[in-house]
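Each chain is listed here by its residues.
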Amino acid sequence: FAMVGLDYEVAKKVTATARFGSEWRARSRERSVTAPYAEVSGKYQYAPESFVVGGYAYTLDETSDTARFNDTRVNRFFGTLQHSFTALIVGSATVIFEPSELQGRRGVANLSETTFRGGATVSYLPSAHWTIAFSYDYHHVRSDEAARQMARHRTGLNATYSF
């Protein structure tokens with residue numbers, strides 16, 4: 001695996017980032033592959049602890065169905081907003097859109113899928129060591145194969161102590 005990257009401060013509140021790389025995957029019973037990775041993104045920090053990030057990534061991810069597919073070719077569009085409401089309360093929201101294609105093993109046809117993920121979190125920071133967070137996530141997959149389609153809603157409440 002090899003990767004190079006560049007972070008560039010365009011202005012005091014604006015940063016551009018680029019990452020490029022490749023992973024060589026040698027397989028004994030399947031086709032070996034060179035898995036490229038490319039990501040470009042931008043960040044605008046409009047206030048202390050508050051920012052917007054957006055970008056695009058292209059990659060070959062490992063698949064969730066290794067019996068039939070080697071990899072998933074993914075175009076990932078993403079955006080995140082984090083906003084500090086007060087010194088103790090921070091909110092964030094993320095949206096990810098992924099048109100992709102599952103790469104079939106020998107004799108298995110490729111499948112097209114589109115994944116949408118979105119979520120939001122509100123965090124309360126009562127001290128320098130504690131964080132309490134409530135989150136909601138939505139995950140939706142549309143696939144050429146009906147059995148792989150899904151919609152999922154998740155909520156979470158957690159407390160974290162850092163030292």
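Residues numbered from 1 in each chain as written. Predicted model: local features only at pLDDT ≥ 70, side-chain atom pairs only at ≥ 80, totals over all residues. Heavy atoms only, no water.

Trainee: How should the sheet that holds strand E4 (residues 50-62) be read in this particular structure?
Mentor: Strand pairing in a sheet is mediated by backbone hydrogen bonds. Such pairs are either parallel or antiparallel. What the nine strands build is an open sheet, ordered E1-E2-E3-E4-E5-E6-E7-E8-E9; its pairing is antiparallel. With partners counted over all chains shown, the strands left at the sheet margins are strand E1 (2-11) and strand E9 (150-161), one partner each. The average angle at which neighbouring strand axes cross in this sheet is 10°, direction not considered. Bridge analysis of strand E7 (residues 111-124) against strand E8 (residues 130-143) gives 12 bridges, and the strand direction is antiparallel. Within E8, the residue paired with Thr121 across the bridge is Ser135. (Pairing = 2+ DSSP bridges. Helix = DSSP H or I, 4+ residues; strand = E, 2+ residues; numbered from the N terminus. Axes fitted to C-alpha atoms, helices over the stretch in contact; angles between N-to-C directions.)

Trainee: What's the story with the layout of surface pockets in this structure? I'm lost.
Mentor: In this approach a probe as big as a water molecule rolls over the atoms, and the regions it shows empty are the leftover space. Reported here for the largest pocket is a volume of approximately 300 Å³. Counting residues per element, the ones that place at least two in the lining of the largest pocket are E4, strand E5 (69-84), strand E6 (89-104), E7 and E8. Per-class residue counts for the lining of the largest pocket are four nonpolar, six polar and seven charged. (1 Å grid on protein atoms, 1.4 Å probe; cavity = no way out; pocket = protein on both sides within 12 Å on 5 of 7 lines; lining within 4 Å. Points joined across faces, edges and corners; volume = space filled by probe spheres on them. Nonpolar A, V, L, I, M, F, W, Y, C, P; charged D, E, K, R; others polar.)

Trainee: It is not clear to me how the environment of Tyr44 should be interpreted in this structure. Could you clarify?
Mentor: Structurally, Tyr44 is set in strand E3 (residues 33-47). Discounting chain neighbours no more than four positions away, the residues touching Tyr44 are Lys13, Val14, Ser50, Phe51 and Val52. (Contact = heavy atoms within 4.5 Å.)

Trainee: Whenever I open this one, the pattern of salt bridges confuses me. Can you help?
Mentor: Oppositely charged side chains may form a pair once their charged atoms are brought near each other. Following the criterion strictly, the structure yields nine salt bridges and no others. In this structure, the salt-bridge partner of Arg25 is Glu23, at a minimum N-O distance of 3.4 Å. By relative accessible area, which is 28% here, Glu23 ends up partly exposed. When the shortest N-O distance is used, the salt bridge between Arg117 and Glu98 registers 2.6 Å. Here Glu98 lies in strand E6 and Arg117 lies in strand E7, a separation of 19 residues in the sequence. On the basis of relative accessible area, Arg117 is assigned to the partly exposed category, the value being 30%. By relative accessible area, Glu98 is classed as buried at 8%. Bridged by salt links that share partners, the residues Asp61, Arg76, Glu98 and Arg117 form one connected network. (Salt bridge = Lys/Arg side-chain N within 4 Å of Asp/Glu carboxyl O. Buried < 20%, exposed > 50% of the residue type's maximum accessible area, 1.4 Å probe, protein only.)

Trainee: I would appreciate a short explanation of the pairing of strand E2 (residues 14-25) in the present structure.
Mentor: Within a regular beta strand, the side chains point alternately toward one face of the sheet and then the other, so they alternate between its two faces. Pairing of E1 with E2, which is carried by nine bridges, proceeds in the antiparallel orientation. In the strand pairing of E2, Val4 is matched with Phe20. Counting the residues that bridge the hairpin from E1 to E2 gives two residues. Relative to E3, E2 is paired through 12 bridges, and the arrangement is antiparallel. For Thr17, the partnering residue across the bridge sits in E3 and is Ser41.

Trainee: What exactly am I supposed to notice about a nonpolar patch on the surface here?
Mentor: Among the surface-exposed residues, Phe85, Leu88, Ile89, Val122, Tyr124, Ile132, Phe134 and Leu157 lie close enough to one another that they form a single nonpolar patch of about 760 Å² accessible area. Among the secondary structure elements, Ile89 is positioned in strand E6. (Patch = residues over 30% accessible without salt bridge, like charges linked within 9 Å, V, L, I, M, F, W, Y side chains within 5 Å. Areas by Shrake-Rupley, 256 points an atom, 1.4 Å probe, with all protein chains shown as cover.)

Trainee: Just to check I follow, could you spell out the packing of aromatic side chains for this structure?
Mentor: By convention here, two paired aromatic rings are described through the distance between centres and the angle between planes. Evaluation of the coordinates by the stated rule reveals six aromatic pairs. Site record: aromatic cluster; members linked through ring pairs are Tyr56, Phe77 and Phe97. One Lys or Arg, Lys43, reaches over the ring of Phe51 and ends 4.6 Å from the middle of that ring. (Phe/Tyr/Trp six-rings, centres within 6.5 Å; stacked < 30°, edge-to-face > 60°. Lys NZ or Arg CZ within 6 Å of the ring centre and 35° of its normal.)

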